[in-house]
Amino acid sequence: MLLNLRPYKTSKEMWGYLKKVYNQNNAARRFQLELELGQLSQGSMSIQEFYSSFENLWGEYTDIVYESVPSIG
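No experiment lies behind these values; they were computed from the predicted model shown. (Residues numbered from 1 in each chain as written. Predicted model: local features only at pLDDT ≥ 70, side-chain atom pairs only at ≥ 80, totals over all residues. Heavy atoms only, no water.)

Engineer: Please give an account of a nonpolar patch on the surface that cites residues and values.
Structural biologist: Together, Tyr51, Phe54 and Trp58 line one region of the surface with nonpolar side chains, adding up to about 320 Å² of accessible area. As for its position among the elements, Tyr51 is in helix 4 (residues 47–67). (Patch = residues over 30% accessible without salt bridge, like charges linked within 9 Å, V, L, I, M, F, W, Y side chains within 5 Å. Areas by Shrake-Rupley, 256 points an atom, 1.4 Å probe, with all protein chains shown as cover. Salt bridge = Lys/Arg side-chain N within 4 Å of Asp/Glu carboxyl O. Helix = DSSP H or I, 4+ residues; strand = E, 2+ residues; numbered from the N terminus.)

Below, the structure is given as structure tokens:
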């Protein structure tokens, strides 16, 4: 891995390379979470179980949504 970074002289160039190599597109997971959130119902769960399920899905969803927002914005 370190050998791949040798050509880059600045940390900005290195981070740019690493972002290009390791960047993930989470569109499929985002869609899946939106679907699960839309279909979530309490059913036989207690209100605590339902709320916990919602919080887990919502937390993962917001992590994906906000990772694409520029820090300046």
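Engineer: Can you break down the nonpolar core residue by residue, with the values?
Structural biologist: Counting six residues, the largest nonpolar core consists of Leu33, Leu37, Leu57, Tyr61, Ile64 and Val65. Those elements giving two or more residues to this core turn out to be helix 3 (27–39) and helix 4. The element best represented in this core is helix 4, accounting for four residues. (Core = buried A, V, L, I, M, F, W, Y, C linked by side-chain atoms within 4.5 Å. Buried < 20%, exposed > 50% of the residue type's maximum accessible area, 1.4 Å probe, protein only.)

Engineer: I'd like to hear about the packing of aromatic side chains, residue by residue, with values.
Structural biologist: Under the criterion given, the structure shown has three aromatic pairs. Their ring planes at 10° and their centres at 6.0 Å tell us that Phe54 and Trp58 sit as a pair that is stacked. With Phe54 and Trp58 both in helix 4 and four residues apart, the pair spans about one turn of that helix. Accessibility expressed as a relative area gives 30% for Phe54, which makes it partly exposed. (Phe/Tyr/Trp six-rings, centres within 6.5 Å; stacked < 30°, edge-to-face > 60°.)

Engineer: Which residues make up the pattern of salt bridges, and what are the values?
Structural biologist: This structure, assessed with the given rule, holds three salt bridges. A salt bridge links Glu36 to Arg29, with the shortest nitrogen-to-oxygen separation between them at 3.7 Å. The partly exposed category is assigned to Glu36, whose relative accessible area is 27%. For Arg29, a relative accessible area of 31% gives the class partly exposed. Of the charged contacts, one joins Arg29 and Glu60 as a salt bridge, the two residues approaching to 2.8 Å between their closest N and O atoms. Residue Arg29 is located in helix 3, and its partner Glu60 is located in helix 4; the two are separated by 31 residues in the primary sequence. Look at Glu60 and you get partly exposed, because its relative accessible area is 32%. A network of salt bridges, in which partner residues are shared, links Arg29, Glu36 and Glu60.

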